[in-house]
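# Structure assessment
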Amino acid sequence: MNKIALLLVTAVFAFAAKFAPNSACKECHPLIYKEYQTSQHAHATIYKDPIHKAVWEKNPLSKKNAYKCAKCHTPAANNFKELIAPNGIGPDPHNKTQNDAVACAYCHRIKAIKEDLKTNHNIISPTPKKYFGTLKDHIKSPFHQIDTSNSNFLQGNVCMGCHSHKRNKFGLNVCSTNEKREIENANCVSCHMPKVKGSVSTLKKRSHHAFHGFAGAHRYQNMLARYVDIEFLPHLKGFEIAINSKIPHDLLLHPARVAFVSIKVVRDNKPVWQKKEILVRVLGANGKPTPPWLAKEVVKDTMLKANEKRVFKYDFQLQKGDKIVVALGYKLVKPPLAKKLGIPSKANKTAILKKRAFTY
Ligand code: HEC
Ligand code: HEC
Ligand code: HEC
Ligand code: HEC
Ligand code: HEC
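Residues numbered from 1 in each chain as written. Chains lettered and ligands numbered in written order. Predicted model: local features only at pLDDT ≥ 70, side-chain atom pairs only at ≥ 80, totals over all residues. Heavy atoms only, no water.

## What to know about the coordination of the iron atom of ligand 1
In this structure, the iron atom of ligand 1 receives exactly one donor atom from the protein: His 73 (NE2), at 2.2 Å. Position of His 73 among the secondary structure elements: in helix 5 (residues 70–73). (Donors = N, O, S within 2.8 Å, 3.2 Å for Na, K, Ca; no water. Helix = DSSP H or I, 4+ residues; strand = E, 2+ residues; numbered from the N terminus.)

## Description of the domain arrangement of the protein chain
You can read the domains of the protein chain as domain 1 (3–42 + 102–210) and domain 2 (221–359). Each of domain 1 and domain 2 was reduced to a C-alpha centroid, and the two centroids are 32 Å apart. Taken together, the contact pairs 16 residues of domain 1 with 17 residues of domain 2. Carbon and sulfur atoms make up 68% of the area that domain 1 and domain 2 hide from each other, which totals about 1300 Å². At the junction of domain 1 and domain 2, the tally comes to zero salt bridges. Here domain 1 and domain 2 share three residue pairs in polar contact (both at pLDDT 80 or more) between them. Among the elements that take part in the side of domain 1 that touches domain 2, helix 11 (residues 188–192) stands out by supplying three residues, more than any other. (Domains from an automatic or database assignment. Contact = heavy atoms within 4.5 Å. Buried area = accessible area lost by both parts, 1.4 Å probe. Salt bridge = Lys/Arg side-chain N within 4 Å of Asp/Glu carboxyl O. Polar contact = N/O pair within 3.5 Å; in protein donor to acceptor, adjacent residues only side chain to side chain.)

## Some details on the coordination of the iron atom of ligand 5
Octahedral six-donor coordination of a metal ideally yields angles of 90 or 180 degrees, compared with 109.5 degrees for tetrahedral four-donor coordination. Around the iron atom of ligand 5, the donor atoms from the protein are His 108 (NE2) and His 212 (NE2), and they sit 2.0 to 2.1 Å away. With six donor atoms in place around the iron atom of ligand 5 and angles of 88 to 179° between them, the coordination shape is octahedral. Separated by 104 residues along the polypeptide, His 108 in the loop between helix 8 (104–107) and strand 1 (110–114) and His 212 in the loop between strand 6 (208–210) and strand 7 (228–234) bring together distant segments of the chain. We classify His 212 as buried; its relative accessible area is 13%. (Tetrahedral: all angles 85-135°; square planar, octahedral: opposite > 155°, others 65-115°. Buried < 20%, exposed > 50% of the residue type's maximum accessible area, 1.4 Å probe, protein only.)

## Remarks on the packing of aromatic side chains
Within this structure, the stated rule accounts for ten aromatic pairs. Arranged with centres 4.8 Å apart and planes meeting at 90°, the rings of Phe 211 and Tyr 220 form a pair that is edge-to-face. Put simply, the rings of Phe 232, Phe 239, Trp 273, Tyr 314, Phe 316 and Phe 358 pair up and form one aromatic cluster. Taking NZ or CZ as reference, Lys 296 lies 5.0 Å from the ring centre of Phe 170, over its face. (Phe/Tyr/Trp six-rings, centres within 6.5 Å; stacked < 30°, edge-to-face > 60°. Lys NZ or Arg CZ within 6 Å of the ring centre and 35° of its normal.)

Dropping the structure here:
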C-alpha cells in the first residue's frame, strides 16, 4: 500500500472509531509502537492479562457483565457506555478498539484531569487528531496536529487520571500512588519513560525518544533499580541492612503484590545464616483479609513507603571474609491469593528489583 492510500485507510478507521487505532501510529513511530506493544498498557485487557482476568471473574460486577474496569483498562472501546453498564454486554476479544487497551491516541488526547473521591477522571480533547506532547521543536506531522501546551504532559503526570487512587464502596483507598497527595509534583515520566536511543519518528532523525515500554513491576525492572539502594553496616555485635527508597510512592502499589528482602550470609561457599523480611499491604475487614471490593480497613502494612529508609537489625556474629548477599524482590500476586485465583505460575514468577553482595 502506498503512503496516501494508507493514510486514507487509517483516516477512515479513525473516523469510524472515536480514537485512531494504535496500528495507525506504526508507520511513522515504529520504535515507539514496538516498545508500547510490550508494555502493560498494551496488555491491560482480560485477554492479555491473566491477573486482571482472574480478579475480574471474582468481582461481583462480572456476573452482571458491568465491566467498569474499562474506564482505565480499555478506555478507547467504541462501545464504552454499553461495556460498563449492567446489560449483559461484556468484554469482546474480537473488538479491535478494546484490544487497543490503554491506547496511544487515548493517552495523547488527555486534555485535563478532574479530581474526584472514588477515582479521578480523564477529560478527553474533542479534537480527534490533535495529540498532546512535549517536543517543543517538533516538525509537522502529516497525520495529526501537535499541541505542546498541556501542563500535565509538561509536568510528566498525565498518568494521574488512572493511577492516582481507587476507592471501594466503603471509601477505602485500595490502590493508591498518591494517598496523601504528597506526590502531586512527582514526574512519573522521568522514571517510567526514560529517554532511550532511537528516533521519535521516521520523518526526522533524532537520537532519543521517550521509552514506551513503561518500566514497571511486570517488566523492564532493571530500568528502575537505581531508585532503591541496599546498604550494609556491620556492628560489633551483628549488622544492619538498610533499604533506601528514592521512589515518591510506595515500593509496590497494587494490593495483590508482595515484596521481600532476603539476606544470606555465605561462609566458605556455604550459607550459614539466612532471613527473609516480607513487605506487604493487606486489605480486609474485622482484622481478616478480604478481596479489595469487600475491604473496610488496612489489616497490615509493612510495604516500603515513599522515600523511606527501612533498617533491619540482626545480631548474627559475622566473621572476616563472610559474604552477605541481599536481594529485594517481589511477586505480582501473593502466593496464597494466586492459588485461590488459579493464576498460572508463569504469570507470577519471582522478580528481583535489586541485588547486592558485601564482604565483611
Ligand atoms: C481508576 C482506574 C482503574 C479502574 C476503574 C480499574 N483499574 Fe485495575 N488497574 C489500574 C491501574 C492504574 C493498575 C496498575 C496498578 C499497579 O500496577 O500498581 C491496575 C491494575 C490492576 C490489576 C493488576 C494487574 C496485574 O497484571 O498485576 C488488577 C488485577 C486489576 N487492576 C483489576 C481491576 C478490575 C477487576 C477492575 C474493575 C472491576 C479494575 N481493575 C478497575 C486502574 C484501574
Ligand atoms: C504520517 C506519519 C505519522 C503518523 C501516522 C503518526 N505520526 Fe505522530 N508524529 C509524526 C511526526 C513527523 C512527528 C514529529 C516528530 C519530530 O518532530 O521529531 C510526530 C509526533 C508525535 C507526537 C509528539 C508530539 C510532541 O510534541 O511531543 C505524538 C504524541 C504523536 N506523534 C502521536 C501519534 C499517535 C498517537 C499516532 C497514531 C494514532 C501518530 N502519532 C501517528 C508523524 C506521524
Ligand atoms: C487510561 C488509564 C491510564 C493512564 C492514563 C495511564 N495508565 Fe499506566 N496503567 C493503566 C492500567 C489499567 C495498568 C495496568 C494494566 C494491567 O496490568 O492489566 C497500568 C499499568 C502501568 C504500569 C505497569 C505497572 C506494572 O506492574 O508493570 C506502569 C509503570 C504505568 N502504568 C505507568 C504509567 C505512566 C507513567 C503513565 C503516565 C505517562 C500512565 N501509566 C498512564 C492505566 C493507565
Ligand atoms: C524516582 C523514580 C520514580 C518516580 C518519579 C515514579 N516512580 Fe513509579 N516506580 C518506581 C520504582 C523503582 C518502582 C518499583 C518497580 C519494581 O518493583 O519493579 C515503581 C513502580 C510503579 C508501579 C508499579 C507498582 C505495582 O504495584 O505494580 C506503578 C503503576 C508506578 N510506579 C506508577 C508511577 C506513577 C503514576 C508515578 C507518578 C505519580 C510514578 N510511578 C513515579 C520509580 C518511580
Ligand atoms: C499511558 C500514556 C501513553 C501512551 C499509552 C502512549 N504514550 Fe506516547 N507519550 C506519553 C507521554 C507522557 C509522553 C511524553 C514523554 C516525555 O515528556 O518525555 C509521550 C511521548 C510520545 C512521543 C514523543 C516522543 C518523545 O521522545 O518525546 C510520541 C511520538 C508518542 N508518545 C507516540 C505514542 C505512540 C505512537 C503510542 C502508541 C504506540 C503512544 N505514544 C502511547 C504517554 C503515552
